[in-house]
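One-letter residues, chain by chain:
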Amino acid sequence: SNADETGGTRPKNDEAYDLYLRSIALAHDGAQNTEAIRMLERSVGLDSTFAPALAALGIRYYYDEEYGSGVGLIKTPTYKTDPTSFRSYTTLQRALALDPNLVNAEQQIISQDTDRGNLVHAYRQAKAMVERHPQSGIAHFTLSYVLRYASVLDEARNECDTAIRLDPGNYMFRSCTSLYIGPEIPNRAKPFFELDPGSEWMNNITAIQLLRAGKTDEALAKMRLLPDSSFFHGRAIEACYSNPRPANYQELTDKVKEYLPGMSDPEPRYSQALTFNHCLGNDFSI
(Lines give C-alpha, C1' and ligand atoms only; values in the text may rest on other atoms or scores of the structure.)
Protein backbone atom coordinates (compact mmCIF):
# COMPACT_ATOMS: atom_id res chain seq x y z
CA SER A 1 0.00 0.00 0.00
CA ASN A 2 1.04 3.62 -0.43
CA ALA A 3 1.06 4.17 3.31
CA ASP A 4 3.92 1.69 3.77
CA GLU A 5 6.11 3.32 1.17
CA THR A 6 5.29 6.88 2.05
CA GLY A 7 5.40 7.13 5.81
CA GLY A 8 1.64 7.48 6.24
CA THR A 9 0.86 10.37 3.90
CA ARG A 10 -0.85 9.39 0.70
CA PRO A 11 -0.15 11.05 -2.64
CA LYS A 12 -3.16 12.93 -4.02
CA ASN A 13 -1.85 13.38 -7.55
CA ASP A 14 -0.64 10.57 -9.83
CA GLU A 15 1.77 12.70 -11.83
CA ALA A 16 3.28 14.15 -8.64
CA TYR A 17 3.76 10.64 -7.24
CA ASP A 18 5.28 9.41 -10.51
CA LEU A 19 7.80 12.30 -10.54
CA TYR A 20 8.71 11.50 -6.93
CA LEU A 21 9.27 7.81 -7.73
CA ARG A 22 11.36 8.63 -10.80
CA SER A 23 13.56 11.03 -8.83
CA ILE A 24 14.58 8.24 -6.41
CA ALA A 25 16.74 6.53 -9.04
CA LEU A 26 18.86 9.63 -9.74
CA ALA A 27 22.30 10.11 -8.18
CA HIS A 28 22.85 12.77 -5.50
CA ASP A 29 25.75 14.35 -7.39
CA GLY A 30 26.06 16.88 -10.20
CA ALA A 31 23.61 17.05 -13.09
CA GLN A 32 21.48 14.12 -11.86
CA ASN A 33 20.84 15.86 -8.55
CA THR A 34 19.87 19.05 -10.40
CA GLU A 35 17.48 17.03 -12.57
CA ALA A 36 15.97 15.38 -9.47
CA ILE A 37 15.44 18.84 -7.90
CA ARG A 38 13.57 19.93 -11.04
CA MET A 39 11.33 16.83 -10.93
CA LEU A 40 10.63 17.15 -7.22
CA GLU A 41 9.87 20.87 -7.44
CA ARG A 42 7.29 19.98 -10.07
CA SER A 43 5.95 17.14 -7.92
CA VAL A 44 5.59 19.41 -4.88
CA GLY A 45 3.97 22.08 -7.10
CA LEU A 46 1.30 19.55 -8.12
CA ASP A 47 0.79 18.16 -4.60
CA SER A 48 2.13 20.26 -1.73
CA THR A 49 0.87 17.91 1.00
CA PHE A 50 2.80 14.76 0.05
CA ALA A 51 5.49 14.77 2.76
CA PRO A 52 7.92 12.19 1.28
CA ALA A 53 8.38 14.31 -1.88
CA LEU A 54 9.06 17.41 0.25
CA ALA A 55 11.58 15.44 2.33
CA ALA A 56 13.29 14.14 -0.82
CA LEU A 57 13.44 17.69 -2.21
CA GLY A 58 14.91 19.05 1.04
CA ILE A 59 17.62 16.38 0.98
CA ARG A 60 18.42 17.14 -2.68
CA TYR A 61 18.68 20.86 -1.85
CA TYR A 62 21.13 19.98 0.92
CA TYR A 63 23.36 18.02 -1.48
CA ASP A 64 23.26 20.95 -3.88
CA GLU A 65 24.07 23.49 -1.15
CA GLU A 66 26.89 21.36 0.25
CA TYR A 67 28.42 19.70 -2.82
CA GLY A 68 26.89 21.35 -5.86
CA SER A 69 26.45 24.78 -7.36
CA GLY A 70 24.61 25.97 -4.28
CA VAL A 71 21.65 27.39 -6.17
CA GLY A 72 19.52 26.57 -3.12
CA LEU A 73 21.60 28.78 -0.87
CA ILE A 74 20.56 32.29 0.02
CA LYS A 75 23.75 33.88 1.37
CA THR A 76 22.97 36.18 4.28
CA PRO A 77 25.48 37.58 6.79
CA THR A 78 24.44 34.86 9.27
CA TYR A 79 24.03 31.99 6.80
CA LYS A 80 26.60 29.79 8.55
CA THR A 81 24.65 29.82 11.82
CA ASP A 82 21.09 30.51 10.67
CA PRO A 83 19.52 27.34 9.24
CA THR A 84 16.49 29.17 7.83
CA SER A 85 18.69 30.76 5.15
CA PHE A 86 18.90 27.26 3.58
CA ARG A 87 16.07 26.08 1.34
CA SER A 88 16.91 22.53 2.40
CA TYR A 89 16.17 23.26 6.07
CA THR A 90 12.86 25.05 5.52
CA THR A 91 11.67 22.38 3.03
CA LEU A 92 12.52 19.58 5.48
CA GLN A 93 10.65 21.40 8.27
CA ARG A 94 7.57 21.52 6.01
CA ALA A 95 7.87 17.77 5.37
CA LEU A 96 8.13 16.96 9.09
CA ALA A 97 5.16 19.19 9.94
CA LEU A 98 3.09 17.04 7.54
CA ASP A 99 4.51 13.72 8.74
CA PRO A 100 6.50 13.67 12.00
CA ASN A 101 7.64 10.05 11.35
CA LEU A 102 9.80 10.81 8.33
CA VAL A 103 13.17 9.65 9.65
CA ASN A 104 15.07 10.81 6.56
CA ALA A 105 13.82 14.40 7.00
CA GLU A 106 14.53 14.34 10.73
CA GLN A 107 18.02 12.95 10.08
CA GLN A 108 18.83 15.77 7.69
CA ILE A 109 17.61 18.48 10.06
CA ILE A 110 19.67 17.05 12.94
CA SER A 111 22.76 16.80 10.77
CA GLN A 112 22.35 20.42 9.66
CA ASP A 113 22.09 21.51 13.30
CA THR A 114 25.26 19.49 13.91
CA ASP A 115 27.06 21.18 10.99
CA ARG A 116 26.24 24.56 12.53
CA GLY A 117 27.63 23.61 15.92
CA ASN A 118 24.32 23.17 17.78
CA LEU A 119 25.70 19.90 19.18
CA VAL A 120 23.85 19.64 22.50
CA HIS A 121 20.47 20.20 20.85
CA ALA A 122 21.36 17.82 17.99
CA TYR A 123 22.55 15.14 20.44
CA ARG A 124 19.29 15.27 22.40
CA GLN A 125 17.26 15.03 19.19
CA ALA A 126 19.35 12.11 17.89
CA LYS A 127 19.14 10.18 21.19
CA ALA A 128 15.35 10.66 21.21
CA MET A 129 15.20 9.52 17.58
CA VAL A 130 17.05 6.27 18.42
CA GLU A 131 14.73 5.67 21.39
CA ARG A 132 11.66 6.12 19.15
CA HIS A 133 13.08 4.09 16.23
CA PRO A 134 15.57 1.55 17.72
CA GLN A 135 15.44 -0.60 14.56
CA SER A 136 16.07 2.30 12.17
CA GLY A 137 19.50 2.36 10.57
CA ILE A 138 19.00 6.06 9.77
CA ALA A 139 18.37 6.86 13.47
CA HIS A 140 21.61 5.15 14.52
CA PHE A 141 23.49 6.86 11.68
CA THR A 142 22.12 10.23 12.85
CA LEU A 143 23.43 9.62 16.36
CA SER A 144 26.81 8.54 14.92
CA TYR A 145 26.96 11.79 12.93
CA VAL A 146 26.46 13.95 16.03
CA LEU A 147 28.98 11.87 18.02
CA ARG A 148 31.50 12.17 15.18
CA TYR A 149 31.28 15.96 15.25
CA ALA A 150 31.61 15.88 19.05
CA SER A 151 34.79 13.75 18.58
CA VAL A 152 33.32 10.80 20.50
CA LEU A 153 34.78 8.53 17.85
CA ASP A 154 34.52 5.00 19.30
CA GLU A 155 30.83 5.45 20.05
CA ALA A 156 30.34 7.04 16.62
CA ARG A 157 31.92 3.97 14.95
CA ASN A 158 29.70 1.64 16.98
CA GLU A 159 26.58 3.54 15.88
CA CYS A 160 27.75 3.36 12.24
CA ASP A 161 28.18 -0.43 12.61
CA THR A 162 24.63 -0.71 13.98
CA ALA A 163 23.27 1.47 11.16
CA ILE A 164 24.79 -0.62 8.37
CA ARG A 165 23.71 -3.87 10.07
CA LEU A 166 20.09 -2.66 10.20
CA ASP A 167 20.06 -1.07 6.73
CA PRO A 168 22.90 -2.65 4.71
CA GLY A 169 22.61 -0.80 1.40
CA ASN A 170 21.94 2.80 2.47
CA TYR A 171 24.28 5.09 0.47
CA MET A 172 23.96 7.82 3.15
CA PHE A 173 26.10 5.81 5.53
CA ARG A 174 29.06 6.39 3.18
CA SER A 175 29.97 9.39 5.32
CA CYS A 176 30.97 6.97 8.12
CA THR A 177 34.17 6.71 6.04
CA SER A 178 35.17 10.03 7.66
CA LEU A 179 35.80 8.06 10.86
CA TYR A 180 38.47 6.04 9.05
CA ILE A 181 40.26 8.34 6.61
CA GLY A 182 43.91 7.65 7.27
CA PRO A 183 46.75 5.79 5.59
CA GLU A 184 45.09 2.37 6.02
CA ILE A 185 41.43 1.36 5.87
CA PRO A 186 40.68 -1.28 8.53
CA ASN A 187 38.45 -4.20 7.50
CA ARG A 188 35.71 -2.88 9.77
CA ALA A 189 35.52 0.26 7.60
CA LYS A 190 35.48 -1.37 4.16
CA PRO A 191 31.67 -1.78 3.97
CA PHE A 192 31.27 2.01 4.24
CA PHE A 193 33.79 2.69 1.48
CA GLU A 194 31.86 0.31 -0.78
CA LEU A 195 28.40 1.83 -0.28
CA ASP A 196 28.29 4.36 -3.10
CA PRO A 197 30.63 3.10 -5.83
CA GLY A 198 31.14 5.25 -8.90
CA SER A 199 29.68 8.41 -7.37
CA GLU A 200 31.54 11.71 -7.63
CA TRP A 201 31.87 11.67 -3.84
CA MET A 202 33.33 8.16 -3.64
CA ASN A 203 35.71 8.62 -6.58
CA ASN A 204 37.20 11.75 -5.03
CA ILE A 205 37.37 10.27 -1.53
CA THR A 206 39.26 7.24 -2.97
CA ALA A 207 41.84 9.50 -4.60
CA ILE A 208 42.26 11.57 -1.42
CA GLN A 209 42.63 8.35 0.59
CA LEU A 210 45.57 7.39 -1.68
CA LEU A 211 47.16 10.80 -1.11
CA ARG A 212 46.89 10.29 2.66
CA ALA A 213 48.55 6.91 2.25
CA GLY A 214 51.47 8.59 0.44
CA LYS A 215 50.59 7.03 -2.94
CA THR A 216 50.78 10.37 -4.73
CA ASP A 217 51.29 9.16 -8.32
CA GLU A 218 48.42 6.69 -8.09
CA ALA A 219 46.16 9.35 -6.49
CA LEU A 220 46.92 11.94 -9.16
CA ALA A 221 46.37 9.42 -11.97
CA LYS A 222 42.91 8.73 -10.49
CA MET A 223 42.16 12.43 -9.93
CA ARG A 224 43.01 13.32 -13.56
CA LEU A 225 40.28 10.99 -14.81
CA LEU A 226 37.59 12.72 -12.74
CA PRO A 227 35.62 15.79 -13.79
CA ASP A 228 36.44 18.79 -11.62
CA SER A 229 34.13 19.14 -8.66
CA SER A 230 33.14 22.43 -7.05
CA PHE A 231 33.30 20.62 -3.71
CA PHE A 232 36.52 18.57 -3.94
CA HIS A 233 38.61 20.92 -6.14
CA GLY A 234 40.32 18.10 -8.01
CA ARG A 235 42.25 20.37 -10.38
CA ALA A 236 43.60 22.35 -7.42
CA ILE A 237 44.61 19.11 -5.64
CA GLU A 238 46.49 18.01 -8.79
CA ALA A 239 48.22 21.40 -8.95
CA CYS A 240 49.10 21.19 -5.25
CA TYR A 241 50.79 17.78 -5.54
CA SER A 242 52.34 18.17 -9.03
CA ASN A 243 56.03 18.76 -9.54
CA PRO A 244 56.67 21.12 -11.28
CA ARG A 245 53.54 23.11 -10.50
CA PRO A 246 51.29 24.02 -13.45
CA ALA A 247 51.02 27.57 -14.81
CA ASN A 248 47.57 28.12 -13.30
CA TYR A 249 48.64 26.91 -9.83
CA GLN A 250 48.14 30.29 -8.15
CA GLU A 251 44.71 30.85 -9.66
CA LEU A 252 43.49 27.37 -8.60
CA THR A 253 44.79 27.61 -5.03
CA ASP A 254 43.50 31.18 -4.60
CA LYS A 255 40.03 29.89 -5.45
CA VAL A 256 40.31 27.20 -2.75
CA LYS A 257 41.48 29.77 -0.17
CA GLU A 258 38.43 31.86 -0.98
CA TYR A 259 35.94 28.97 -1.08
CA LEU A 260 36.79 26.86 1.98
CA PRO A 261 36.17 29.40 4.76
CA GLY A 262 32.65 29.94 3.35
CA MET A 263 31.51 26.34 3.88
CA SER A 264 28.94 25.90 6.63
CA ASP A 265 30.06 22.34 7.43
CA PRO A 266 33.31 22.26 9.47
CA GLU A 267 34.24 18.64 8.67
CA PRO A 268 35.04 19.10 4.95
CA ARG A 269 36.64 22.46 5.81
CA TYR A 270 39.01 20.59 8.11
CA SER A 271 39.68 17.59 5.86
CA GLN A 272 40.28 19.77 2.79
CA ALA A 273 42.60 22.04 4.74
CA LEU A 274 44.50 18.85 5.60
CA THR A 275 44.69 17.89 1.91
CA PHE A 276 45.95 21.34 0.88
CA ASN A 277 48.37 21.61 3.79
CA HIS A 278 50.91 20.01 1.40
CA CYS A 279 51.21 23.19 -0.67
CA LEU A 280 49.49 25.91 1.38
CA GLY A 281 51.04 25.07 4.74
CA ASN A 282 49.87 25.28 8.33
CA ASP A 283 48.85 28.93 8.20
CA PHE A 284 46.10 27.99 5.77
CA SER A 285 45.03 24.93 7.78
CA ILE A 286 44.66 26.90 10.99
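Colleague: Got a sec to walk through the overall build of the protein? Specific residues and values, please.
Modeller: Along the backbone of the protein there are 15 helices and zero strands. Counting only C-alpha atoms, the protein reaches 60 × 40 × 35 Å along its principal axes. The burial tally for the protein puts 52% of its 286 residues in the buried class. Contacts spanning at least 24 positions in sequence make up 58% of the contacts within the protein whose residues lie at least 6 apart. Carbon together with sulfur atoms contributes 52% to the accessible area of the protein, which is approximately 13700 Å² in total. Between the averaged position of the 29 positive side-chain charges in the protein and that of its 37 negative side-chain charges there is a distance of 2 Å.

Colleague: With reference to specific residues and values, describe the layout of surface pockets.
Modeller: Its boundaries defined by the atoms lining it, the largest pocket holds a volume of some 790 Å³. Taken together, 35 residues form the lining of the largest pocket, with R148, Y149, S178, E267 and P268 sitting closest to its centre. Elements with a contribution of two residues or more to the lining of the largest pocket: α4 (51-67), α6 (103-115), α8 (137-149), α9 (153-166), α11 (200-212) and α15 (266-285). If one sorts the elements of the lining of the largest pocket by residue count, α15 sits on top with eight residues. For the lining of the largest pocket, a count of residues per class yields 19 nonpolar, ten polar and six charged.

Colleague: Which residues make up the pattern of salt bridges, and what are the values?
Modeller: Note that side chains of opposite charge can pair when their charged atoms are close. A complete count under the given rule lists eleven salt bridges for this structure. The partner of E267 in a salt bridge is R148, and the shortest N-O contact between them spans 2.7 Å. With E267 in helix α15 and R148 in helix α8, this residue pair connects regions lying 119 residues apart in the sequence. Taking the relative accessible area as the measure of exposure, E267 reaches 22% and is therefore partly exposed. Given the relative accessible area of 7%, R148 is considered buried. The structure contains a network of salt bridges with shared partners spanning R224, R235 and E238.

Colleague: Describe the packing of α8 against α9, with residues and values.
Modeller: Each packed pair of helices is defined by two parameters, the angle between the axes and the distance between the axes. Put simply, α8 and α9 touch, their axes get as near as 8 Å, and they point 160° apart. In terms of orientation, α8 and α9 fall into the roughly antiparallel class. Considering the relative orientation of α8 and α9, their crossing is left-handed. On α9, the residues touching G137, H140, F141, L143, S144, L147 and R148 of α8 are L153, E155, A156, E159, C160, T162, A163 and L166. Taken together, the residues of the contact of α8 with α9 sort by class into eight nonpolar, four polar and three charged.

Colleague: Give me the lowdown on the state of the cysteines, citing residues and values where you can.
Modeller: The full count for this structure, using the stated rule, is two disulfides. There is a disulfide in this structure between C160 and C176, and the S-S distance comes to 2.1 Å. The disulfide joining C160 to C176 has a torsion of about -90° about its S-S bond and is therefore left-handed. Of this pair, C160 sits in helix α9 while C176 sits in the loop between α9 and α10 (190-193); the two residues are 16 residues apart in sequence, bridging distant segments of the chain. You'll find C160 and C176 in the same group, each marked buried. With its sulfur 2.2 Å from that of its partner, C240 forms a disulfide with C279. Given an S-S torsion of about -115°, the disulfide between C240 and C279 has left-handed geometry. A residue pair is termed long-range when its members are at least 10 positions apart, and C240 in helix α13 (residues 234-241) and C279 in helix α15 qualify at 39 residues. Each member of the pair, C240 together with C279, is buried. In the protein, numbering the disulfide-bonded cysteines from first to last in sequence yields the connectivity 1-2, 3-4.

About the thresholds
Residues numbered from 1 in each chain as written. Predicted model: local features only at pLDDT ≥ 70, side-chain atom pairs only at ≥ 80, totals over all residues. Heavy atoms only, no water. Helix = DSSP H or I, 4+ residues; strand = E, 2+ residues; numbered from the N terminus. Buried < 20%, exposed > 50% of the residue type's maximum accessible area, 1.4 Å probe, protein only. Contact = heavy atoms within 4.5 Å. Areas by Shrake-Rupley, 256 points an atom, 1.4 Å probe, with all protein chains shown as cover. Lys, Arg positive; Asp, Glu negative; His and termini not counted. Charge placed at Lys NZ, Arg CZ, Asp CG, Glu CD. 1 Å grid on protein atoms, 1.4 Å probe; cavity = no way out; pocket = protein on both sides within 12 Å on 5 of 7 lines; lining within 4 Å. Points joined across faces, edges and corners; volume = space filled by probe spheres on them. Nonpolar A, V, L, I, M, F, W, Y, C, P; charged D, E, K, R; others polar. Salt bridge = Lys/Arg side-chain N within 4 Å of Asp/Glu carboxyl O. Axes fitted to C-alpha atoms, helices over the stretch in contact; angles between N-to-C directions. Parallel < 35°, antiparallel > 145°, perpendicular 65-115°, else oblique. Left-handed = near helix turned anticlockwise from the far one by under 90°. Disulfide = S-S within 2.5 Å.

Distances and angles like these do not, on their own, reveal function.
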